[in-house]
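# Commentary on secondary and tertiary structure
This is what each chain is made of:
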Amino acid sequence: MTSSEHGQRWEIDALVAKLRELRLQSLESRQRREHPPKLPSRKVLSQIVDNLGAALFPNRLGMPDLTDEGIDYFVGHTLDSLLRQLQRQIGLELQFVAEQQGLSLDTYSQATEITRQFAAQLPAVRQLIDTDIQAAYEGDPAARCADEVLVCYPGITAVIHHRLAHVLYELGLPLVARVISEVAHSATGIDIHPGAQIGESFFIDHGTGVVIGETAVIGRRVRLYQAVTLGAKRFDKDDNGILVKGNARHPIVEDDVVIYAGATILGRITIGRGSTIGGNVWLTHSVPPDSLVSQGQNRTEVFAGGGGI
C-alpha cells in the first residue's frame, strides 16, 4: 500500500485541515496569528544539560575512552558546541518576551552576553555540585563511593539540573530555566523550581515526590528525604482576583536541618538551624534552632535515616 493510500485510510488531509483551523483559532485568540511563538526546545535543552554534565565531569559522565591527553580537548569541544546551542535557546526566550512586550531588541547580542556570563559561572557550579556529591556519600550508608552517587542517585541528577537552571534563572531566563528543571522532574520525580536558593552540601535521599517551591531558601548541609514538600500555604490575589506573582511564600530552611520522608512544610516560615523534622509532619509555623518536631505532640524521638533502603 502506498503512502497516499495510507493517507486516505486515515483521512490525513482532513485531520491536517482541522488541526490547522484549531491552531489558527488559538493564535487569533491570543492575537499571535502574524507572529506565532517560537519557544526554547525542551529536547535541545535536555541535550545541552547532558553535555554540560559531560563537560563538568568528563571522566564519569563523558566519553568512556577518554585519555588524559584528550580530556581538555573533549571538554573544550563540548563546551563550544553546547554554548552555541544554548545561545540560540536563550535568544528564543528573549525574542518571545520582546514580542509579548511589543519591543524590538538586539536579542543576538543580549543572548551572547548572557551565555558568556553563564559560562563564566560553570567552575563555581562544579564546586557546588562536588559538595552535594560528598554530602550524599557521607549521608547515605548504602553509598560505596562518590562515583556511584554521581552516576546513580536521582537526587544528584536533580540537583545538577537545579544548579545550572538556577544560574540561568538569576540571569533573567525563567523559561529556559524552568524547562531544564522540568526535564529533571520528569526523569527523577523531584520537582525543584529554578528560583529556589539552595546552599552547598545539599542532599536529597531517594527523592521521589520531593517538591521545592520558587521562593524557598535552603541553607548549607541540609538533607531531605522522599516526598518532602517545601510549599506555599496560600496564594495571595489582587483586587481582580488574579494570583499575585513573586511574593515570598515558601519556607526558609536554615543550615544543618534534616527533614524526613513525607514531611509537608508550608508558608514563609523558618526552620531553625540544626532542627530535625520527623516523617509525615505537617508544619505551618516557624520552629527555633535545634528543634525536634514529630507527629506526636510534644514527643521527642531519635529518628533513623532512610539511607540504604
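If you're wondering where the values come from, they're calculated on a predicted model, not measured in any experiment. (Residues numbered from 1 in each chain as written. Predicted model: local features only at pLDDT ≥ 70, side-chain atom pairs only at ≥ 80, totals over all residues. Heavy atoms only, no water.)

## Topic: the overall build of the chain
Assigned secondary structure in the chain consists of 10 helices and 14 strands. When its C-alpha atoms are laid out on the principal axes, the chain stretches across 70 × 65 × 50 Å. Residue burial in the chain is summarised as follows: out of 309 residues, 43% are buried. Look at the contacts in the chain between residues 6 or more apart in sequence, and 47% of them connect residues 24 or more apart. (Helix = DSSP H or I, 4+ residues; strand = E, 2+ residues; numbered from the N terminus. Buried < 20%, exposed > 50% of the residue type's maximum accessible area, 1.4 Å probe, protein only. Contact = heavy atoms within 4.5 Å.)

## Quick notes on the sheet that holds strand E5 (residues 217-218)
Hydrogen bonding along the main chain pairs the strands of a sheet, whether they run parallel or antiparallel. Taking strand neighbours across the sheet as the criterion, the four strands line up as E2-E5-E8-E11 in an open arrangement whose pairing is parallel. Every other strand in the sheet has two partners, leaving strand E2 (197-198) and strand E11 (270-271) as the edge strands with one partner each. Inspection of the sheet shows strand E8 (residues 252-253) paired to E11 by two bridges, in the parallel sense. Bridging across to E11, Val253 finds its partner in Ile271. (Pairing = 2+ DSSP bridges.)

## Some words on the sheet that holds strand E4 (residues 211-212)
An order of E1-E4-E7-E10-E13 is seen for the five strands of this open sheet, with the pairing classed as parallel. Here the strands that pair on one side only, and so sit at the sheet edges, are strand E1 (191-192) and strand E13 (282-283). Relative to strand E7 (residues 229-231), E4 runs parallel, the two sharing two bridges. When the sheet's bridge partners are listed, Val211 is paired in E7 with Thr229.

## Describing the side chain of Ser181
Considering the arrangement of structural elements, one finds Ser181 in helix H10 (residues 174-188). The buried category is assigned to Ser181, whose relative accessible area is 4%. Of note is the side chain of Ser181, whose polar atom sits 3.4 Å from the backbone oxygen of Ile192. Residues within four places of Ser181 in sequence aside, it is in contact with Ala165, Ile192, His193 and Pro194. (Polar contact = N/O pair within 3.5 Å; in protein donor to acceptor, adjacent residues only side chain to side chain.)

## Points about unusual backbone geometry
Its identity is not glycine, yet Glu11 carries a phi of approximately 55 degrees, on the positive side. The phi dihedral of Asp256 is positive, around 60 degrees, even though this residue is not glycine. In this structure, Asp256 sits in the loop between E8 and strand E9 (258-259).

## Points about the nonpolar core
Most often, soluble globular proteins have nonpolar side chains that are buried together. One finds Leu86, Ile90, Phe118, Ile156, Leu164 and Leu168 to be the most contacted residues of the largest nonpolar core, which totals 37 residues. Contributing elements (two or more residues each) for this core: helix H3 (42-56), helix H5 (71-100), helix H6 (107-120), helix H7 (122-139), helix H8 (146-152), helix H9 (154-170) and H10. Beyond its immediate sequence surroundings of up to four residues, Ile90 is in contact with Ala111, Ile114, Thr115, Leu168 and Leu173. (Core = buried A, V, L, I, M, F, W, Y, C linked by side-chain atoms within 4.5 Å.)

## Thoughts on a nonpolar patch on the surface
Together, Trp10, Ile12, Leu15, Val16, Leu19 and Leu22 make up a nonpolar patch on the protein surface, roughly 570 Å² of accessible area in all. For the nonpolar patch, the element with the highest residue contribution is helix H2 (residues 12-29), accounting for five residues. One can find Leu15 in helix H2. Of the residues examined, Leu15 reaches a relative accessible area of 46% and is grouped as partly exposed. (Patch = residues over 30% accessible without salt bridge, like charges linked within 9 Å, V, L, I, M, F, W, Y side chains within 5 Å. Areas by Shrake-Rupley, 256 points an atom, 1.4 Å probe, with all protein chains shown as cover. Salt bridge = Lys/Arg side-chain N within 4 Å of Asp/Glu carboxyl O.)

## As for H5
Side chains three or four residues apart in an α-helix point the same way, a direct result of the helix having 3.6 residues per turn. In this model H5 runs 43 Å from its N-terminal to its C-terminal C-alpha over 30 residues, within 8% of the 44 Å that 1.5 Å per residue would give. The first or second residue beyond H5 is Gly102, which carries a positive phi of 70 degrees. (Expected span 1.5 Å × (residues − 1).)

## Examining the side chain of Arg249
Along the chain, Arg249 turns up in the loop between E7 and E8. For Arg249, the side chain forms a polar contact with the side chain of Glu214, separated by 2.8 Å. Here the side chain of Arg249 touches Asn247 through a polar contact of 2.8 Å, landing on its backbone oxygen. Sequence-distant contacts of Arg249, defined by excluding residues within four places in its chain, comprise Glu214, Thr215, Gly231, Ala232, Lys233, Gly267 and Arg268.

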